[in-house]
Amino acid sequence: MDLIINKKKYSVNSTPEESLLNVLRNDLDLTGTKYGCGEGSCGACTVLINDVAVRSCITKAASVEGKAITTIEGLATNDKLHPVQQAFLNVDVFQCSYCASGMVMSTVSLLKKKPEPTDEEIINGMQGNVCRCGTYPRIMKGIHEAIKIQKS
Amino acid sequence: MAKKSNESVFAPEQYELAERPSHYFTMNRRDFFGILGSGIAITFAAVNTGYGLSIEGLPENQIGAWLHIAEDGAVTIYSGKAEVGQNIRTSLAQVVAEELGVEMKKITMILGDTALTPYDRGTFGSRSTPYMGPQLRKAAASARELILDLAAAEWKVDRSLLSINDGNVTNKNTNETVNIGKIVKGKQLVQAVDDKVALKKIDDWKIAGTSVKKVNGESFVTGRHKYVSDMKLPGMLYGKILRAPAYGATLISADLSEAKKITGVVAVHDGDFVGVAAVDLSTANKALQSIKAEWKFEPQPSRKEIFDHLRKTSKADDRAEKSGDVSSAFSKAEVKIGQTFNVDYIAHVPLEPRAGVAQWEGSKLTVWAGTQRPFGVQEDLADVFQIPKQNIRVIQPDTGSGYGGKHTGEAGMEAARLAKEAGKPVKVVWTREEEFTWAYFRPAGVIDVKAGADKIGMLTSWEFHNYNSGGSGIDTPYQVKNKLIQFHPSDSPLRQGSYRGLAATANNFARESIMDDLATDLKIDPLEFRLKNLSEKRMIDVLEAAAKAFGWGTKPEKDHGFGIACGEEKGSYVAACAEIVFDRNENDVKVLRAAVAFECGGIINPNHLENQIMGSIIQGLGGALFERIDFKDGKILNPKLSAYRVPRFGDVPKLDIVMLNRKDLAPAGAGETPIIGIAPAVRNAIANATGKRLYALPLVPQGLEV
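Residues numbered from 1 in each chain as written. Chains lettered and ligands numbered in written order. Predicted model: local features only at pLDDT ≥ 70, side-chain atom pairs only at ≥ 80, totals over all residues. Heavy atoms only, no water.

Some words on the packing of aromatic side chains
Applying the stated criterion across every chain, the model contains 16 aromatic pairs over all chains. Ring centres of B:Y345 and B:F631 lie 5.6 Å apart, and the angle between their planes is 75°; on these two criteria the pair is classed as edge-to-face. Of the two residues, B:Y345 sits in the loop between strand 13 (335–343) and strand 14 (355–361) while B:F631 sits in strand 24 (residues 631–632), which places them 286 residues apart along the sequence. You can call B:Y345 buried: its relative accessible area is 0%. Overall, B:F631 belongs to the buried group, its relative accessible area being 2%. Members of the aromatic cluster, joined through ring pairs, are A:Y98, B:F220 and B:Y227. Here the guanidinium or amino end of B:R442 rests over the ring plane of B:Y499, the centre of that ring lying 5.9 Å away. (Phe/Tyr/Trp six-rings, centres within 6.5 Å; stacked < 30°, edge-to-face > 60°. Helix = DSSP H or I, 4+ residues; strand = E, 2+ residues; numbered from the N terminus. Buried < 20%, exposed > 50% of the residue type's maximum accessible area, 1.4 Å probe, protein only. Lys NZ or Arg CZ within 6 Å of the ring centre and 35° of its normal.)

Looking at the packing of helix 5 (residues 136–151) of chain A against helix 16 (residues 606–625) of chain B
Orientation of helix 5 of chain A relative to helix 16 of chain B, taken along the N-to-C sense of each, is 120°, at an axis distance of 8 Å. Between helix 5 of chain A and helix 16 of chain B, the angle is such that the two are oblique. Contacts between helix 5 of chain A and helix 16 of chain B involve A:Y136, A:P137 and A:R138 on the former and, on the latter, B:N607, B:E610, B:N611, B:M614 and B:I618. Split by residue class, the contact of helix 5 of chain A with helix 16 of chain B holds four nonpolar, two polar and two charged. (Axes fitted to C-alpha atoms, helices over the stretch in contact; angles between N-to-C directions. Parallel < 35°, antiparallel > 145°, perpendicular 65-115°, else oblique. Contact = heavy atoms within 4.5 Å. Nonpolar A, V, L, I, M, F, W, Y, C, P; charged D, E, K, R; others polar.)

Focus: the domain arrangement of chain B
Residues and elements named next belong to chain B. Here the domain parsing of chain B yields domain 1 (41–221), domain 2 (227–297 + 354–429) and domain 3 (313–346 + 441–697). Averaged C-alpha coordinates put domain 1 and domain 3 at centres separated by 39 Å. Contacts between the two partners involve 23 residues from domain 1 and, on the opposite side, 17 residues from domain 3. Summing the contributions of domain 1 and of domain 3, the shared interface buries around 1,400 Å²; its carbon and sulfur component is 57%. For the domain 1 face of the interface with domain 3, the top three residues by lost area are S126, T129 and I202, together amounting to 34%. The interface formed by domain 1 and domain 3 contains one salt bridge. Linking D203 and K663 is a salt bridge whose minimum nitrogen-to-oxygen distance equals 3.9 Å. Across the contact surface, domain 1 and domain 3 share nine residue pairs in polar contact (both at pLDDT 80 or more). (Domains from an automatic or database assignment. Buried area = accessible area lost by both parts, 1.4 Å probe. Salt bridge = Lys/Arg side-chain N within 4 Å of Asp/Glu carboxyl O. Polar contact = N/O pair within 3.5 Å; in protein donor to acceptor, adjacent residues only side chain to side chain.)

Digging into the environment of B:T690
Residue and element names in this part refer to chain B. With respect to the helices and strands, T690 occurs in helix 17 (residues 678–690). Excluding residues that lie within four positions of it along the chain, T690 makes contacts with F582, L704 and V706. Looking at T690, its side chain comes within polar contact range of the main-chain nitrogen of K692, at 3.0 Å.

Brief notes about the pattern of salt bridges
This model, assessed by the stated rule, comprises 53 salt bridges over all chains. A:R138 is the salt-bridge partner of B:E610, the closest N and O atoms lying 2.9 Å from each other. Highlighted residues: B:E610 in helix 16 and A:R138 in helix 5, drawn from two different chains. Since its relative accessible area comes to 1%, A:R138 is described here as buried. For B:K558, the salt bridge identified is with B:D559, shortest N-O distance 3.6 Å. A residue is classified by how much of its surface remains accessible, and B:K558, at 68% relative accessible area, is exposed. Via salt bridges that share partners, B:E99, B:R137, B:R144, B:E145, B:D149 and B:R159 belong to a single interconnected network.

Regarding the state of the cysteines
Residues and elements named next belong to chain A. Throughout the structure, instances matching the rule amount to zero disulfides over all chains. Just so you know, C99 is unpaired, no disulfide at all, and the nearest cysteine sulfur is the one on C131, 3.9 Å from it. By relative accessible area, which is 5% here, C99 ends up buried. (Disulfide = S-S within 2.5 Å.)

Focus on the UniProt feature "domain: Aldehyde oxidase/xanthine dehydrogenase a/b hammerhead" (unreviewed entry) in chain B
In this structure's numbering, the residues bearing the UniProt feature "domain: Aldehyde oxidase/xanthine dehydrogenase a/b hammerhead" (unreviewed entry) are residues 222–299 of chain B. Helix makes up 18% of residues 222–299 of chain B and strand makes up 35%, while its end C-alpha atoms are separated by 49 Å. (UniProt positions renumbered as here; feature names shortened; annotations may be inferred.)

So, the domain arrangement of chain A
Residues and elements named next belong to chain A. We note that the domain assignment places domain 1 (2–74) and domain 2 (83–151) within chain A. Spacing between the C-alpha centres of domain 1 and domain 2 amounts to 21 Å. Counting residues at the interface gives 17 residues for domain 1, matched by 13 residues for domain 2. Taking both partners together, domain 1 and domain 2 bury about 1,200 Å²; carbon and sulfur atoms supply 56% of that area. Summed over the shared surface of domain 1 and domain 2, the result is eight residue pairs in polar contact (both at pLDDT 80 or more). Counting residues per element, the ones that place at least two in the side of domain 1 that touches domain 2 are strand 3 (46–49) and strand 4 (52–55).

Regarding the nonpolar core
Of all hydrophobic cores here, the largest spans 184 residues; its most connected members are A:F88, A:M103, A:I139, B:L381, B:I629 and B:V682. For this core, the element with the most residues is helix 13 (residues 504–522) of chain B, which contributes nine residues. When sequence neighbours within four positions are dropped, the list of residues in contact with B:L381 reads B:L365, B:V367, B:Q386, B:I392, B:V394, B:G412, B:M413 and B:A416. Counting 39 residues, the second-largest nonpolar core is a separate cluster that includes B:I88, B:A140, B:V184 and B:V193. (Core = buried A, V, L, I, M, F, W, Y, C linked by side-chain atoms within 4.5 Å.)

So, in structure tokens, the structure goes:
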């Protein structure tokens, strides 16, 4: 099958049942997208499909053929970090950082839908992403920082 | 004076190293001697690290074992500690930068690599800051003094004119300045670390004590960092392990013939170990499913029976702490309470599950493992494969968290066994369900407390028995003449081990709950009652700071409640105040806000410390409110994130964090202790709001009936 990932075309030899997560990580070595639970409950595997956040662990790769897939590796352009990545760095959000890719991708998707969400909208939008280190208040601060960067 | 709990007669870290390897392979004796060769331990050849000289062979008392300075002035630090998100890669570099007088950007930390770093027992017990910190500070300060000696000799000037700043030696008379790299000339610093070397005063810190950002932060927000689970070696296979269907099940037979028929599959049956490896994960899974295994089952206690089971199987630990006569003091007490607390097993749920990659080169083994104890894993590998430690290198890349749950290296061991058979590197990454089932849990426990006070609110009697959860934090910080405190180890049906803060969470919960109930029965304000019975100034300070930040002393609205609690563990102090609201329609409790004061001596990195405190509180809320492992017939009934609730964005209360910076005290660890205050503070707030006194953790897994 042919997948369009980060604006690049990849031909993959894979069974139709294979999850997008396994294809990204094992076949294409795009390991920025993480495995956390395998049932769409933790958000570590979040990628964008046509700009919308999707859990790649419960998405079959075959089902997103021809669609625009964006992973954490595709966010920065010309060595310039995406405003959400920059914001999370500015705020120094993370501890173990294993959730970072998913948090960044979910935030990008959230801010695309709603560039200036309220705290309640942020909580609802991010409820599916787990940070076991409990950096949620920092992520919240990082999202506000990202809103500020994107506005300017 | 009350004995400080870090001097307790109990072994507070009894669980830190308790978990044994999960498999023992039956390597035959010919293999054994084959690997051992002539019986002489073969050491690794000097490893070209790309970071300068290998520390191979340098004794640990040498500066060069800890620190290397390249000709361009780049500084490499070697420490066996593991970065699992506590941000020691940053904080330890800060203390070195400070003592040596170099900029942060010049420092590279080599952590958790058994071939490159001095031996380290492991990263647990909040030891990195109070023990590794001073060790590296002394090594850096000794290097500083040695460089000044060398410079003074080379320049033939009075040494007192020289100082090191920003990586340069400067002569204050001539303003002559030379980079330290030019003085050291790339040589190893062969001189003993001076144990008595003068360290910079915390008051004078310029790099330590500031909020330096996570040093490799960008590699994480870009997804570039390779956790062990992300690694891929040339020719690497993916491994899967056959797990027992339940705790207590033993393997009778396994038929691997179908698996072996699948092209490219390597299948191993060695003792109780059955595993497969294949070129991709789906083939490995297919091979695993084709194995027919027969198991023998043994009856196992269920969650419902666990607390009786722990009590029934308990033994008295002879290291009881005893003074006075508790039974006569209790019978004479004017206000008294006797209660039993139950604490459930909970899971660490590190977001990166256990992962290991193994590669054999002849008789030499390299294992990359997500673990808090790389040297412990090296020892375990030497044990199960019966090869000398020197033939094994364990490397721990920055890992997707641990919280005390990764003291072991099961996935690395499993990968090594499969790689040995395959003759190729193998990666094993546990699924979430495997992690929930076969990683170890925080122990369940039963705690009996009997306490008494006199009319004016002074404690007169304190009896405290903990069954199974552990000895950490078991002692009381309150002054009481008659006390009996005892830990009783029990037989745990589930695999159990360390968890952030160890048993201090359970012990603090029981103690601070009883303190609150006594205060209520005495009609004394719970803060006042605590202060009356405390003498430790550091505890009093955090209590008062938390109370002030919270606005303690005001009256909560209807159906709201305020609670307070405090505790000390591993040399740092915490106090928490919480406000909850009870929703009568939903029968549920919501934590609205918490004010937490924390003091761990001098602060190395305020921003990262605040992050640790916040994270501890939020993780602690999970165990306080709803986290628990359910099990029956040896099976974990909720081994999934959709069935085991962890705190999420919507669970976060408004947090007010106060950090007391005691620059006159050496920095203590901070990754654990902030977790111990929140559960009792919330419990006491629930009692305050509803009158309902709860005696179990979690408090409200299915809401609250009043």
